[in-house]
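# Structural overview for review
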Amino acid sequence: MTHVASAPHELEADWNFFEHGLSPYWAVTNLLVNQFDGHADQLEYDLDGEQWSFELYYQKGGIAPRPDDPIDAPRLYEPRLKARGHGERKVTFHVRPRFKGMEHYESGDRISTPCDRDSIPNEGVNVHVQGSNLEPEEYERLLPQLVQLLFAEAGQRFNHEYFNPRYIHDSSNAHSYERYLRIRRSMNQKIIGTSGILQKLHHLLLDEEGVRYSLEVDNEDTVGKMHRLPLRQSAARELPVGNRGKQVKSYLLKNPDSVDETDPTHHPKLGVLFNKELNNSTVRWSKIDDLQRELNETLINLLYWSNVPTDPDQTTFVPDSHFDVSAYDENPTLRLYDDPTPKLEASQEALLVQQMRELTDADMDHLEAMTDSGQCHYEEVIDEADTSVSTLYRTLKRCDALLESDNGVVKWRSKKIRQEFAAVFERVEETVEAAADQAARILDLDPRQLKEKGSAFQRWLTQYGAEVINDGSAPRDRVHIKITSVLNRYRQSSGEYIGKVLEYLEVVWTKAGFDAPLHKAIIEFNTGNGYHRLIYGSDEHERIMDSSTN
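Predicted model only: the values in this text are computed from it and were never measured.

Here the focus is the sheet that holds strand β13 (residues 375-377). By definition, the strands of a sheet pair up through backbone hydrogen bonds, in either a parallel or an antiparallel sense. Across the sheet, which stays open at both edges, the three strands sit in the order β13-β15-β14 with antiparallel pairing between neighbours. Two strands bound the open sheet, and with one partner strand each, they are β13 and β14 (403-406). Geometrically, the sheet is characterised by an average inter-axis angle of 25° between neighbouring strands, direction not taken into account. Both β13 and strand β15 (residues 409-412) contribute to a ladder of three bridges, which runs antiparallel. Paired with H377 across the bridge in β15 is V409.

Structure representation (structure tokens):
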């Protein structure tokens with residue numbers, strides 16, 4: 001299958017060069033100070049058919065020189081080489097010295113560097129790279145090319161090996177890297193809409209423990225102006241595409257209606273960004289190709305999960321100055337994964353079912369008190385549920401997969417589960433009221449009387465999805481109860497046994513003090529393969545009850 005190729009956007013990295021010690025740093029610093037008097041701008045060159053403009057300047061860094069360094073100043077200079085090519089293709093190379101035992105020029109505090117490690121030479125050069133719209137290998141080529149041109153401009157010779165890409169040390173790393181596609185607004189709605197993949201991921205992942213951010217949406221000026229979904233590493237691991245934390249971002253111009261539909265920027269960029277903040281770590285520069293493939297795969301799979309075509313077609317994508325809607329032709333090929341959201345949703349629903357089976361009445365009261373708010377102080381919870389701090393503590397211990405407590409604030413771990421519980425309580429309330437009213441009518445009771453005397457019976461009805469019915473299939477003088485929960489006819493089978501359920505029914509029926517007798521009542525229950533009827537007090541019922549007590 002052919003997929004569209006993404007384009008590079010932002011990149012920030014640190015390269016370390018140790019092969020020639022500090023010689024590259026002193027060479028560039030001397031050129032800047034002695035040949036360009038500290039600053040050079042409006043330098044233009046043609047590189048591989050592209051026109052580039054360059055600027056060379058410096059800043060005074062915070063590093064104190066060593067006693068034998070060839071400089072008469074309290075702190076070392078740090079040259080900056082700024083370059084701009086076609087459109088928004090640009091980069092700044094910040095050249096900095098590195099050596100063992102570096103100190104701050106003013107405080108004397110030690111400055112940690114890779115040179116402090118025994119496995120790394122005592123001195124070298126660090127180049128901080130920050131740019132956009134260039135491929136990683138273009139940054140590698142551009143630095144030595146740029147330095148060679150600047151030396152040639154001054155009539156000086158420069159060792160072309162100083163910044164050779166093959167000398168980028170393994171301690172070098174990337175702090176951030178983004179790839180993007182420009183997608184038509186109409187297609188982008190499948191991704192950012194209310195039922196789109198960003199909303200689904202936010203709904204299922206972002207309230208998980210360890211995830212710090214939420215989906216940020218700005219539709220103020222126009223729909224789709226900016227949607228940003230940061231996924232920390234803990235959440236990204238739930239997705240099948242790599243395991244690094246990433247930010248998904250769909251965004252338009254700051255003034256999206258300032259251009260018409262013929263301008264590419266009328267349509268949004270869809271980008272995936274890796275950065276250090278979302279991972280608490282960087283990526284080795286030697287692994288930049290692996291990171292690039294992960295970003296590409298994430299973009300393609302976001303499209304795939306949203307039912308957006310992934311082939312390079314301009315009915316879906318819009319070319320711009322840096323994104324040309326071409327086919328991805330690198331190896332290995334990009335992999336497509338199944339949409340993870342149904343599995344995540346099913347997992348959370350399974351957790352919901354499992355937890356509900358183990359909940360006490362007090363647990364349910366606490367959860368119901370929490371459904372109106374994503375979080376609230378524990379005193380509000382126990383006040384609403386009419387319980388105690390110790391009872392709430394036991395609920396939190398039993399329901400640690402559902403709720404968490406932080407400095408006295410109780411909150412749901414997942415928005416998905418909170419909404420599911422809210423729906424359960426709403427259905428339960430409606431069902432209980434309807435079942436109670438119907439039972440009262442059939443049993444010839446005032447509903448208020450049933451509410452006062454039969455709360456335990458109502459809970460039994462709710463727990464087993466049961467109702468008192470009058471469908472004409474039973475004699476008028478007999479109670480007819482239908483149980484929709486799946487129950488087992490035999491005690492040895494797995495699952496809930498009908499004998500125990502009927503034993504519970506007899507207790508709550510007696511407690512409620514109903515005039516209508518249970519004797520000869522028709523009990524209809526779901527076996528999983530259809531409904532089975534038995535008569536309360538019959539021989540079959542007696543055998544079941546005898547079995548339930550053995």
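Looking now at the pairing of strand β1 (residues 7-17). The buried count for β1 comes to nine of eleven residues, which makes it a mostly enclosed element. With six bridges connecting them, β1 and strand β7 (residues 173-182) associate as antiparallel partners. Bridging across to β7, E12 finds its partner in S176. Across eight bridges, the pairing between β1 and strand β6 (residues 123-132) is antiparallel. Bridge pairing links F17 to V125 in β6.

Atom-level detail of predicted coordinates should not be read off regions where pLDDT is low. Taken over all residues, the pLDDT of the protein has a mean of 84, while the share at 70 or more is 84%. Element-level mean pLDDT values for the protein span from 55 in helix α12 (residues 447-453) up to 98 in β1. Contacts for the low-pLDDT stretch residues 207-213, under 50 throughout, to residues beyond four places or in other chains number 19 contacts.

Here the focus is the nonpolar core. Buried together is how nonpolar side chains tend to be arranged in soluble globular proteins. Counting residues in hydrophobic clusters, the biggest one holds 85 residues, and the most contacted among them are W15, F93, V127, V129, F163, I191 and L303. The leading source of residues in this core is helix α6 (residues 288-305), at eight residues. In this structure V127 touches A13, D14, W15, F17, F93, H94, V95, L143 and F163, once residues within four positions along its chain are discounted. Among the nonpolar cores identified, the runner-up in size contains 29 residues, and Y464, A466, V468 and I544 belong to it.

Quick look at unusual backbone geometry now. Excluding glycine, residues mostly have negative phi values, and the peptide bonds linking residues are mostly trans. A cis geometry characterises the amide bond from N331 onward to P332, with omega recorded as -5°. Summarising the element assignment, P332 is placed in the loop between α6 and α7 (341-357). Residues other than glycine seldom take positive phi values, yet K520 does so here, at roughly 70°. Within the element layout of this structure, K520 appears in the loop between α14 (498-512) and β18 (522-526).

The next subject is the sheet that holds strand β17 (residues 480-486). Strand order in the open sheet made by the four strands is β16-β17-β18-β19, with mixed pairing throughout. Each edge of the sheet is formed by a strand with only one pairing partner; in this case those strands are β16 (466-468) and β19 (531-535). Strand-to-strand, the axes of this sheet are offset by a mean angle of 15°, without reference to chain direction. Across five bridges, the pairing between β17 and β18 is parallel. When the sheet's bridge partners are listed, K482 is paired in β18 with E524.

A separate point is the pattern of salt bridges. A complete count under the given rule lists 19 salt bridges for this structure. Ionic pairing is found between D69 and R66, a salt bridge with its closest N-O pair at 3.1 Å. The exposure class of R66 is partly exposed, given its relative accessible area of 25%. When the shortest N-O distance is used, the salt bridge between E123 and R66 registers 3.1 Å. Of the two residues, E123 is situated in strand β6 and R66 in the loop between β3 (50-60) and β4 (77-84); the sequence distance between them amounts to 57 residues. When its relative accessible area of 29% is taken as the criterion, E123 is described as partly exposed. Several salt bridges converge on common partners, so that one network encompasses E50, R89 and E138.

Let us now look at the side chain of N133. One can find N133 in the loop between β6 and α2 (136-153). For N133, a relative accessible area of 5% translates into the label buried. At a separation of 2.8 Å, a polar atom in the side chain of N133 contacts the main-chain carbonyl oxygen of E88. Not counting residues up to four positions away in its chain, the partners in contact with N133 are P8, H9, E88, R89, Y139, Y180 and H322.

Thresholds, definitions, all that
Residues numbered from 1 in each chain as written. Predicted model: local features only at pLDDT ≥ 70, side-chain atom pairs only at ≥ 80, totals over all residues. Heavy atoms only, no water. Pairing = 2+ DSSP bridges. Helix = DSSP H or I, 4+ residues; strand = E, 2+ residues; numbered from the N terminus. Axes fitted to C-alpha atoms, helices over the stretch in contact; angles between N-to-C directions. Buried < 20%, exposed > 50% of the residue type's maximum accessible area, 1.4 Å probe, protein only. pLDDT = per-residue confidence, 0-100. Contact = heavy atoms within 4.5 Å. Core = buried A, V, L, I, M, F, W, Y, C linked by side-chain atoms within 4.5 Å. Salt bridge = Lys/Arg side-chain N within 4 Å of Asp/Glu carboxyl O. Polar contact = N/O pair within 3.5 Å; in protein donor to acceptor, adjacent residues only side chain to side chain.

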